[in-house]
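# An overview of the molecular structure
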Amino acid sequence: MAERPIGGFVLVVGPSGAGKDTVIAAARARLAGDPPFVFPRRLVTRPPSAHEDNAEIAEADFSRAAAAGAFPLHWRVHGLGYAIPPEALEEAARGRIVVCNISRRVIEAARRMLPGVHVVAITAAPETLAARLAARDRPEDGDLGARLARAVPAEADATVVNDSERSIATANFVAILLDRAGRR
Ligand SMILES: Nc1ncnc2c1ncn2[C@@H]1O[C@H](COP(=O)(O)OP(=O)(O)OP(=O)(O)O)[C@@H](O)[C@H]1O
Ligand SMILES: O=P(O)(O)OC[C@H]1O[C@H](OP(=O)(O)O)[C@H](O)[C@@H]1O
């Protein structure tokens, strides 16, 4: 009998500036064209930018869809709405590994509502976070002090320390993804 594919979600969490988007983007480039892995565009109530190629959703549409239970997972933080798109759930059901960045506040909900959840925390020292956010200089970030002050407990299944070269954190994260796909 053929083995069932092991689909599920690898959800990336961590404080602002830890490098979640950076590590996900590098892994995506590394795994381009590798069939088990999907990197969905999140739905966010802000336009896409050089930092994230998200799909933009209007605030009213976000509220309506959230109330109707149309998102596999959604959350609000920094005055914005974020959601995992419905197609991501279909991809996981087809046996693919869906890789996405979420809020630390919805880890428990994700474990309840999504199949095959594996949470990966990206970390860096507090002074590194502060230096990175200052250098990133993203206008929509608002008050950097408030971003840095968001200390949210995060129960993760694995941790990737992103305190040195990006390539090291990327290699560690890619190893986790390959492992989830049964490729190690
Ligand atoms: N290993 C690294 N060395 C140097 N700079 C890094 C490293 N990793 C990420 N950065 C830089 O730090 C900044 C923050 O990274 P990134 O935007 O990926 O963080 P994030 O965790 O997604 O933050 P947020 O939650 O605010 O979106 C970016 O400008 C990025 O280029
Ligand atoms: O873990 P906490 O701090 O709750 O939230 C993390 C959320 O904030 C960040 O937003 P942005 O992409 O910087 O706007 C992440 O993408 C994630 O959605």
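Look up a bit, the structure's there.
A few points on the structure. (Residues numbered from 1 in each chain as written. Chains lettered and ligands numbered in written order. Predicted model: local features only at pLDDT ≥ 70, side-chain atom pairs only at ≥ 80, totals over all residues. Heavy atoms only, no water.)

## Brief notes about the packing of helix H1 (residues 20-30) against helix H7 (residues 166-180)
Remark: H1 packs on H7, axes separated minimally by 9 Å, with the N-to-C direction vectors making an angle of 65 degrees. The handedness of the crossing between H1 and H7 is right-handed. Residues Thr-22, Val-23, Ile-24, Ala-26, Ala-27 and Arg-30 of H1 pack against Arg-166, Ala-169, Thr-170, Ala-171, Phe-173, Val-174 and Leu-177 of H7. When grouped by side-chain class, the residues that make up the contact of H1 with H7 number nine nonpolar, two polar and two charged. (Axes fitted to C-alpha atoms, helices over the stretch in contact; angles between N-to-C directions. Helix = DSSP H or I, 4+ residues; strand = E, 2+ residues; numbered from the N terminus. Left-handed = near helix turned anticlockwise from the far one by under 90°. Contact = heavy atoms within 4.5 Å. Nonpolar A, V, L, I, M, F, W, Y, C, P; charged D, E, K, R; others polar.)

## Side note on the pairing of strand E1 (residues 8-13)
The side chains of a regular strand alternate, first on one face of the sheet and then on the other. Most of E1 sits out of view: six of its six residues are buried. The alternating pattern of E1 places Gly-8, Val-10 and Val-12 on one face and Phe-9, Leu-11 and Val-13 on the opposite face, and all of these are buried. Both E1 and strand E7 (residues 97-101) contribute to a ladder of five bridges, which runs parallel. The partner of Gly-8 across the bridge, within E7, is Ile-97. The pairing of E1 with strand E8 (residues 117-123) spans five bridges and is classified as parallel. Across the sheet, the residue bridging to Phe-9 is Val-117, located in E8. (Buried < 20%, exposed > 50% of the residue type's maximum accessible area, 1.4 Å probe, protein only. Pairing = 2+ DSSP bridges.)

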